[in-house]
Amino acid sequence: MPDSSAIADTLTFSPEVTERLDRTAEWCQRNGQRLTETRRLVLGLILSSEKPSGAYDLLARLRPAHPKAAPPTVYRALEFLLENSLIHRLERLSAFVGCSHAVECPHGCNHHDEGGMHRAQFLICRGCDRAWELEQDAIAPVLTRAAQSMGFRAEAATVEIEGLCAACQKAGVTPVRRPKTAAG
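Under the annotation held in an unreviewed UniProt entry, the protein chain carries the name Fur family transcriptional regulator and is attributed to Gluconobacter potus. Quoted verbatim from the Sequence similarities (unreviewed entry) heading of the UniProt record, the comment on the protein chain is "Belongs to the Fur family."

Engineer: Any chance you could explain the packing of helix α4 (residues 55-62) against helix α5 (residues 71-83) here in plain terms?
Structural biologist: Two packed helices can be described by the angle between their axes and the distance between those axes. Across the interface, α4 lies against α5 with an axial gap of 9 Å and an inter-helix angle of 115°. Classified by the interaxial angle, the pair formed by α4 and α5 is roughly perpendicular. Where α4 crosses over α5, the handedness of that crossing is right-handed. In this structure, α4 contributes A55, Y56, L58, L59 and L62 to the contact, and α5 contributes P71, T73, V74, Y75 and L78.

Engineer: What's the story with the pattern of salt bridges in this structure? I'm lost.
Structural biologist: Pairing of side chains with opposite charge becomes possible as their charged atoms draw close. Per the counting criterion, the structure on display carries 5 salt bridges. Note that E19 and R23 form a salt bridge whose closest N and O atoms lie 3.1 Å from each other. With E19 and R23 both in helix α2 (residues 15-30) and 4 residues apart, this pair spans about one turn of that helix. You can call E19 partly exposed: its relative accessible area is 48%. According to the relative accessible area criterion, R23 is partly exposed, its value standing at 28%.

Engineer: Help me out: how do you make sense of the packing of aromatic side chains in this one?
Structural biologist: What characterises a pair of aromatic rings is the spacing of the ring centres plus the angle enclosed by the ring planes. One pass over the structure, following the stated rule, counts 1 aromatic pair. Centroid distance Y56 to Y75: 6.3 Å. Interplanar angle 75°. Geometry classified as edge-to-face. Within this pair, whereas Y56 is found in helix α4, its partner Y75 is found in helix α5, the two being separated by 19 residues in sequence. Among the residues examined, Y56 registers a relative accessible area of 52% and is labelled exposed. Looking at Y75, the relative accessible area reads 40%, which means it is partly exposed. Positioned above the aromatic ring of F80 is the side chain of R39, whose terminal nitrogen or guanidinium carbon lies 3.8 Å from the ring centre.

Engineer: What's the story with α2 in this structure? I'm lost.
Structural biologist: An α-helical turn contains 3.6 residues, so a residue and the one three or four places further along point in the same direction. Here α2 is 16 residues long and its end C-alpha atoms lie 23 Å apart, about the 22 Å a rise of 1.5 Å per residue gives. When we look at burial in α2, the residues that qualify are V17, L21, T24, W27 and C28. Buried positions in α2, seen along its axis, are confined to an arc of 120° and lie on one side of it. In α2, the exposed positions that point more than 90 degrees away from the buried face belong to P15, Q29 and R30. On its buried face, α2 is in contact with α3 (37-48), α5 and α6 (101-104). Once α2 finishes, G32 follows within two positions and takes phi at roughly 70°, a positive value.

Engineer: Would you mind going over α4 with me for this structure?
Structural biologist: Within α4, the full set of buried residues consists of A55, L58, L59 and L62. What you see down the axis of α4 is that its buried residues fit within an arc of 100°, all on one side. If you follow the buried residues of α4, they end up packed against α3, α5 and β2 (95-98).

Engineer: Is there a simple way to explain the side chain of H88 in this structure?
Structural biologist: As for its position among the elements, H88 is in strand β1 (residues 87-90). Taking the relative accessible area as the measure of exposure, H88 reaches 7% and is therefore buried. Among the polar contacts made by the side chain of H88, one reaches the side chain of E133 at a distance of 3.1 Å.

Engineer: How do you make sense of the pairing of β2 when you look at a structure like this?
Structural biologist: Two faces belong to every sheet, and in a regular strand the side chains alternate between them. Bridge count for β1 against β2 is 4 bridges, and the pairing is antiparallel. Note on β2: the bridge partner recorded for L90 is A95. Counting the residues in the hairpin turn of β1 and β2 gives 4 residues, including S94, whose phi is positive at 50°.

About the thresholds
Residues numbered from 1 in each chain as written. Predicted model: local features only at pLDDT ≥ 70, side-chain atom pairs only at ≥ 80, totals over all residues. Heavy atoms only, no water. UniProt positions renumbered as here; feature names shortened; annotations may be inferred. Axes fitted to C-alpha atoms, helices over the stretch in contact; angles between N-to-C directions. Helix = DSSP H or I, 4+ residues; strand = E, 2+ residues; numbered from the N terminus. Parallel < 35°, antiparallel > 145°, perpendicular 65-115°, else oblique. Left-handed = near helix turned anticlockwise from the far one by under 90°. Contact = heavy atoms within 4.5 Å. Salt bridge = Lys/Arg side-chain N within 4 Å of Asp/Glu carboxyl O. Buried < 20%, exposed > 50% of the residue type's maximum accessible area, 1.4 Å probe, protein only. Phe/Tyr/Trp six-rings, centres within 6.5 Å; stacked < 30°, edge-to-face > 60°. Lys NZ or Arg CZ within 6 Å of the ring centre and 35° of its normal. Expected span 1.5 Å × (residues − 1). Arc of directions from axis to C-beta. Polar contact = N/O pair within 3.5 Å; in protein donor to acceptor, adjacent residues only side chain to side chain. Pairing = 2+ DSSP bridges.

Encoded structure:
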């Protein structure tokens, strides 16, 4: 792997993203984790993107800084970031978006409801492919209770709501119809 100074010269992030990466590195250290240079770069690429990023898009954007990067390089970084609630996977898009909840939680945790679920809901625009995270406290308990009523213990819940954002509606954008996946 190239040394950190060579990477820093090749990929630069905005001051806001750099500050968030620094806070994430501190959070990882406090929680017995390590934000390696590759993990930091992958997270930085995700946080720098206006749209959810797919694994191969991340790989292509990572290669200028890490020419020998291969799909497993990105997938291992994504796995770490997902396991530590630093990103979310949008199943419908097979793409990833950043999550600041774990790092910025004033309680030092990444789960709040009685079921231990990280609550995440996303609005996904079918016109511009952007996604916005919501964190509505009322939704997770309802889903948890519904699951419990069926004898199911929910461990995570991500709700994906597709439609058109205000900007695309105003511009008269015709939404892109995505093919149904096995999950959707």
